[in-house]
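# Secondary and tertiary structure notes
Okay, here's what each chain looks like letter by letter:
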Amino acid sequence: YTLRVVDDATTAIQTLSTGESDIADLPAPQIDAFTQGNPDMTVDVYDTFRWSFFIPNQDEQNGKFFKQKEVRQALMYALDREAIVENLLDGYAVVATGTQPVISRAYAPDRMTTVYDYDVDKANALLEGAGWVDSDGDGIREKDGVKMSMEFPYNASDPTTGTLVPYLQQAWKAIGIDIQPAALPQPNLIDRVFANDFQLSLLGITWTDEDQGMFFRTGVGFNLSHYSNPEFDKLNDEQLVELDEKKRMDLIIEATNIVNDDVALGIMYFNKAATASNPRLHNLRPNAFGSTWSIGYVWTEEA
């Protein structure tokens with residue numbers, strides 16, 4: 001078994017087409033084109049534990065725009081996430097209702113009390129109620145003399161951002177929020193976010209545990225938005241020591257409702273993934289735990 005490191009998704013896929021490789025992961029925008037162009041290849045599509053989200057900085061000292069829940073909610077209502085999934089990701093994602101991905105034991109969209117359907121009027125009303133208004137008619141809201149305009153750092157190497165970021169810029173401009181996209185190499189973006197040097201940013205992460213306290217508890221290291229809610233912290237403490245699985249999931253769902261309503265992070269959708277492989281491979285079973293977890297069971301026909 002030889003692992004080849006290829007620094008570009010398109011090049012990696014080409015090595016599969018030319019026979020240089022037998023397995024390659026497909027970015028969502030390339031799944032349909034690859035499948036149609038390579039009908040003899042095996043393509044497995046599956047749900048994952050990955051979420052894609054924007055980070056509204058709520059830090060008491062450094063956050064300028066997003067400390068009010070209503071402003072964060074407006075960001076969500078302004079997005080047509082069904083259109084994002086269908087048109088930008090070719091259907092290879094699931095619109096997020098809550099913060100638990102679809103294969104989580106705590107996935108319970110029917111128990112979420114707040115659902116962020118596409119509603120521009122509601123987004124505008126929330127911003128107005130929070131005191132952000134466009135008093136000079138330039139299309140950008142302001143409050144206390146501060147324009148709602150900011151840099152928007154994102155991962156330049158993510159193949160989905162080329163279409164997603166322009167859409168976000170357009171959708172938020174429609175409600176008076178101006179973002180200036182700044183494409184960064186992923187290490188630089190991570191450095192900026194962990195240094196608290198941003199107001200609004202874009203990331204994705206894979207997290208397999210229903211316990212999301214690492215992202216939402218007050219003061220923990222991966223709470224990148226600097227969110228704080230004592231009620232969430234209390235429920236998170238309770239689920240950590242609850243041995244009954246159903247009761248534990250109920251506590252996590254209750255906590256999920258809190259961070260979903262607060263928009264602690266703007267979780268837009270849960271990603272699907274696809275792995276393409278040479279049909280001469282047998283017993284390859286890619287899933288959310290990895291495209292090659294089953295490699296020890298794989299056998300190949302003679303080339």
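Shown above is the structure to which this text applies.
Residues numbered from 1 in each chain as written. Predicted model: local features only at pLDDT ≥ 70, side-chain atom pairs only at ≥ 80, totals over all residues. Heavy atoms only, no water.

## A word on the nonpolar core
Taken as a class, soluble globular proteins show a tendency for nonpolar side chains to be buried jointly. Here is the rule: Residues belong to a common nonpolar core when they are buried Ala, Val, Leu, Ile, Met, Phe, Trp, Tyr or Cys residues joined through side-chain atoms within 4.5 Å. Only protein chains enter the accessibility calculation, which uses a 1.4 Å probe; a residue whose area is less than 20% of its type maximum is buried, one above 50% is exposed, and one in between is partly exposed. Helix and strand assignments come from DSSP, with helices taken as H or I runs of at least 4 residues and strands as E runs of at least 2, each series counted from the N terminus. The criterion used for residue contact is that any of the two residues' heavy atoms lie within 4.5 Å.
Ranked by size, the top nonpolar core spans 50 residues in total, and within it Phe-54, Phe-152, Leu-168, Trp-172, Leu-200 and Leu-202 carry the most contacts. At six residues, the largest contribution of residues to this core is made by helix α6 (residues 161–173). With residues up to four places along the chain from it excluded, the contact list for Trp-172 reads Phe-54, Leu-75, Ala-78, Leu-79, Phe-152, Ile-177, Ile-179 and Leu-200. Among the nonpolar cores identified, the runner-up in size contains 23 residues, and Leu-189, Leu-203, Phe-216 and Leu-224 belong to it.

## Re the pattern of salt bridges
In plain terms, the rule: Basic side-chain nitrogens of Lys or Arg form a salt bridge, by our definition, when they fall within 4 Å of a carboxyl oxygen of Asp or Glu.
Per the stated rule, a full pass over the model turns up 17 salt bridges. As a salt-bridge pair, Arg-192 and Asp-197 come within 2.9 Å of each other at their nearest N and O atoms. Here Arg-192 falls in the buried class, since its relative accessible area comes to 19%. Asp-197 sits in the partly exposed class, given a relative accessible area of 43%. Via salt bridges that share partners, Asp-136, Asp-138, Glu-142 and Lys-147 belong to a single interconnected network.

## Overview of the side chain of Arg-72
For the record, the criterion: Residues scored as charged are limited to Lys and Arg (positive) and Asp and Glu (negative), so that His and the chain ends carry no count.
Here Arg-72 lies in helix α3 (residues 69–77). Here Arg-72 is buried and forms no salt bridge, its nearest opposite-charge partner Asp-262 lying at an N-O distance of 4.8 Å. Contact partners of Arg-72, with chain neighbours within four places excluded, come to Pro-56, Gln-58, Phe-66, Lys-67, Asp-262 and Val-263.

## Let's talk about the pairing of strand β1 (residues 23–26)
Regular strands place their side chains on alternate faces of the sheet. Test applied: Each pair of strands is called paired provided DSSP finds at least two bridges between the two strands.
Going residue by residue along β1, you find Ala-24 and Leu-26 tucked away on one face and Ile-23 and Asp-25 left uncovered on the opposite face. Where β1 and strand β9 (residues 266–277) come together, four bridges link them in antiparallel fashion. The partner of Ala-24 across the bridge, within β9, is Ala-276.

## Topic: the packing of aromatic side chains
Note the following rule: Any two of the Phe, Tyr and Trp rings considered here, Trp counted by its six-membered ring, make a pair once their centres fall within 6.5 Å; the pair's planes then place it as stacked at under 30 degrees, edge-to-face at over 60, or tilted in between.
Tallying each qualifying case throughout the model produces 15 aromatic pairs. The interplanar angle of 65° and the centroid separation of 5.0 Å between the aromatic rings of Trp-51 and Phe-215 together place this pair among those described as edge-to-face. In this pair, Trp-51 sits in strand β2 (residues 42–56) while Phe-215 sits in helix α8 (residues 213–216), placing the two residues 164 residues apart along the sequence. Since its relative accessible area comes to 0%, Trp-51 is described here as buried. Geometrically, the ring pair formed by Tyr-107 and Phe-270 is edge-to-face, given 6.5 Å between the ring centres and 85° between the ring planes. Of the two residues, Tyr-107 is situated in the loop between β3 (93–95) and α5 (120–129) and Phe-270 in strand β9; the sequence distance between them amounts to 163 residues.

## Structural notes on a nonpolar patch on the surface
Applied cut-off: Nonpolar side chains (Val, Leu, Ile, Met, Phe, Trp, Tyr) within 5 Å and like charges within 9 Å form the patches, drawn only from residues with over 30% relative accessible area and no salt bridge. We get accessible surface area from the Shrake-Rupley algorithm with a probe of 1.4 Å; when it comes to residues, only the shown protein chains can shield them.
A grouping of Tyr-1, Leu-3 and Val-5 is seen on the molecular surface, where their side chains present a nonpolar patch of about 440 Å² in accessible area. Residue position: Leu-3 is located in the segment before α1 (9–17). Since its relative accessible area comes to 65%, Leu-3 is described here as exposed.

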